[in-house]
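Single-letter residue listing:
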Amino acid sequence: MPFQNKKYKYELANDSDGKEISKLLEQTAFNGDISLIYARRTNAVLSVNKDCLKSAVVVGKEVETGMIKGVGICQIFKMLFNGKYENIAYLGGFRIDKNSVLNIVEAYKILENFIRENNVKYTFTTILEDNLYAQKMLTKKRKVMPYYIKIADFTVNIFPKNLEYKSEYICEKINEQEKSKLKDFIDFYSKNKNFFPEITDLDNFYVLKDKENNIQACGLLWEQTDYKQLIIKKYSLKYKILKTIFNPVLKFFSYPKFPNEREVIKYQTLSYVLYRDENVLADFIRQISNCACYDFFVYGSTQELKEIKPPIKYKSFVYLVDWDKNIDVDKFNNIYMECALL
């Protein structure tokens, strides 16, 4: 049964709500010198279901008009924890119409029920470093809300295509004969990484190999902009000036140019990255940049990159959402975050 008060009712969304939710998601931009919109066109409900095992999209509807005034999203994935694949949930996409005041506690009750019904081991979320309001609101301990406990930093690194490299290694797409070798490599190097997602399809993976054909690193370079988009809402005055001056220069040096405001950014994500050591990772990123289809690609990591520095990056914090308020955070180490699933 949906939770309800006099002005709003809270319930799980249907596919038919997806287009309205997509519009609501785009009301909110994450501010900074570059104001970003995280969009899910054209149907947010269908978009959310693309990457996960199961999802719940909670909406707060105005009783009088039936219009959606708030949304929260929960996705369930199979991810490793202590070497075993578990149901792990990710909370995100919380938006409230700027002219409305909803009771988010009611939305959390529905999401908590969904999580418990689906045997979820742990729940996590991410909050942008610059989103001080959300950090303050959600990390304050309240009886009626789950605890938010920080467990890691997470950085999205933005790299241009066609980086120069000199290497003794070869980067290429996996062939059918080497898939079993790749699976062994993934199993070995992921086993101690908590929240590493289960991989069921090895097609289109890239591998970095030495002269003896041993795999040194792997990852998937893919695009999701048909159902998940990043949009520049606006630039600060400083960045508008930089965009005008430097775009021709950046193009000359094969660096990513500044996209136009309100433009859907075309990019790929380097995902499911595993490697023997950081020197190899830097080599892999440089080489795979020459396989990118667009001006830039992104790679997210909970570890700061030391051997290769991205020209642009932005940071978030990873939080456990502790429904029972009794989690031992000491066992949450070596956290892996997959940028493409957030």
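Think of each chain on its own: its residues are numbered from 1, step by step along the sequence as written. The predicted nature of this model means local features are confined to residues of pLDDT at least 70 and side-chain atom pairs, given and counted, to a pLDDT of 80 or more, with totals for whole chains, interfaces and linings taken over all residues. Values reported for side chains reflect all heavy atoms of the structure, with hydrogen atoms and water molecules removed beforehand.

Bringing the nonpolar core into the picture now. Counting 44 residues, the largest nonpolar core has Phe124, Leu182, Ile186, Phe195, Phe205, Cys218 and Phe332 as the members making the most contacts within it. Secondary structure counts use DSSP, requiring at least four H or I residues in a row for a helix and at least two E residues in a row for a strand, with both numbered from the N terminus. With 5 residues, strand E8 (residues 147-160) is the single largest residue contributor to this core. Contact criterion: two residues are considered in contact whenever any of their non-hydrogen atoms come within 4.5 Å of each other. Apart from the residues lying within four places of it in its own chain, the contact partners of Phe332 are Phe81, Tyr122, Ile151, Phe195, Leu320 and Ile327. Core analysis: the next-biggest nonpolar cluster, separate from the first, contains 26 residues, Tyr8, Tyr10, Leu111 and Tyr148 among them. Take the buried Ala, Val, Leu, Ile, Met, Phe, Trp, Tyr and Cys residues and link them wherever side-chain atoms come within 4.5 Å; each set so joined is a nonpolar core. Only protein chains enter the accessibility calculation, which uses a 1.4 Å probe; a residue is then buried when its area is under 20% of its type maximum, exposed when over 50%, and partly exposed in between.

Turning to the pattern of salt bridges, a few remarks are in order. A pair is scored as a salt bridge if a Lys or Arg side-chain nitrogen falls within 4 Å of a carboxyl oxygen belonging to Asp or Glu. Within this structure, the stated rule accounts for 17 salt bridges. Of the charged contacts, one joins Glu106 and Lys109 as a salt bridge, the two residues approaching to 3.6 Å between their closest N and O atoms. Here Glu106 pairs with Lys109, and both are found in helix H3 (residues 104-117), just 3 residues apart, close to one helical turn. Taking the relative accessible area as the measure of exposure, Glu106 reaches 15% and is therefore buried. In this structure, Glu112 engages Arg116 in a salt bridge whose closest nitrogen and oxygen atoms are separated by 2.8 Å.

Arg41 connects to Thr42 through a cis peptide bond whose omega is 0 degrees. As for its placement among the helices and strands, Thr42 is situated in the loop between strand E3 (34-39) and helix H2 (44-48). At Asn204, a position not held by glycine, the phi torsion is positive, near 75 degrees. The topology assignment puts Asn204 in the loop between helix H5 (179-190) and strand E10 (205-209).

Within helix H4 (residues 132-139) the residues assigned to the buried category are Ala134, Gln135 and Leu138. All buried residues of H4 project into a common sector of 100 degrees when viewed along the axis, lining one side. Residues of H4 that are exposed and point over 90 degrees away from its buried face: Leu132, Tyr133 and Lys136. The elements touched by buried residues of H4 are H3, strand E7 (122-128), E8 and strand E15 (312-322). This arc corresponds to the set of directions leading from the helix axis out to the C-beta atoms.

Considering the arrangement of structural elements, one finds Ser316 in strand E15. Beyond its immediate chain neighbours, meaning those up to four positions away, Ser316 contacts Thr126, Ile127, Leu128, Glu129, Asp153 and Phe154.

Before going further, it helps to examine H5. For H5, which comprises 12 residues, the first-to-last C-alpha distance of 16 Å matches the rise-based estimate of 16 Å (1.5 Å per residue) to within 8%. Buried within H5 we find Lys179, Leu182, Phe185, Ile186 and Ser190. Taken around the axis of H5, the buried residues stretch over an arc of 115 degrees, which confines them to a single face. Within H5, the exposed residues directed more than 90 degrees away from the buried face are Ser180 and Asp184. Along its buried surface, H5 packs onto strand E5 (68-81), E10, strand E11 (215-222) and strand E13 (268-275). A helix's residues, less one, multiplied by 1.5 Å, set its expected span.

Counting buried positions along E13 gives 7 out of 8 residues, so the element sits mostly inside the fold. A pair of strands is labelled paired if DSSP reports no fewer than 2 bridges between them. Alignment of E11 against E13, held across 5 bridges, turns out to be antiparallel. Across the sheet, Leu221 pairs through a bridge with Leu270, a residue of E13. Here 2 bridges tie E13 to strand E14 (residues 296-301), and the two strands are oriented parallel to one another. Bridging across to E14, Gln268 finds its partner in Phe297. With the strands aimed away from the viewer, a crossover counts as right-handed if its path from the first strand over the helix to the second runs clockwise. With helix H7 (residues 278-288) bridging E13 and its parallel neighbour E14, the resulting β-α-β unit is right-handed.

Below, the discussion takes up the state of the cysteines. Disulfide assignment relies on a single distance test, namely cysteine sulfur atoms paired within 2.5 Å. In the structure shown here, the tally under the stated rule is 0 disulfides. Here Cys52 is not cross-linked by a disulfide; its sulfur's nearest cysteine counterpart is in Cys74, at 8.6 Å. With a relative accessible area of 13%, Cys52 lands in the buried category. Residue Cys291 stays outside any disulfide, its sulfur separated by 5.0 Å from that of Cys171, the closest cysteine. The class of Cys291 is partly exposed, set by a relative accessible area of 27%.

What follows covers the pairing of E14. When a strand is regular, its side chains alternate between the sheet's two faces. Within E14, 6 of the 6 residues are buried, leaving the element largely enclosed by the surrounding structure. Burial along E14 is two-sided: Phe296, Val298 and Gly300 and Phe297, Tyr299 and Ser301, pointing in opposite directions, are all buried. Bridge count for E8 against E14 is 6 bridges, and the pairing is antiparallel. Bridged to Asn157 within E14 is Tyr299.

Take Lys50: it is sitting in the loop between H2 and strand E4 (54-62). It is 23 Å that separates the C-alpha atoms of Lys50 and Ile186, two residues lying 136 residues apart in sequence.

Working definition: a ring pair exists when centres of Phe, Tyr or Trp rings (six-membered ring for Trp) sit within 6.5 Å. Plane angles under 30 degrees give stacked, over 60 give edge-to-face, the rest tilted. Evaluated as defined, the whole model comprises 16 aromatic pairs. Relative to Tyr189, the ring of Phe188 has its centre 4.9 Å away and its plane inclined at 80 degrees; by these criteria the two rings are edge-to-face. Given the relative accessible area of 47%, Phe188 is considered partly exposed. These aromatic residues form a ring-pair network of at least three members: Phe81, Tyr90, Tyr122, Phe124, Phe195 and Phe332. A ring is scored as having a charge over it whenever the NZ atom of a lysine or the CZ atom of an arginine sits within 6 Å of its centre and within 35 degrees of its normal. The ring of Tyr147 is capped by Lys141, whose NZ or CZ atom sits 4.9 Å from the centre of that ring. Over the ring of Tyr147 we find Lys325; its NZ or CZ atom is 5.2 Å from the centre of that ring.

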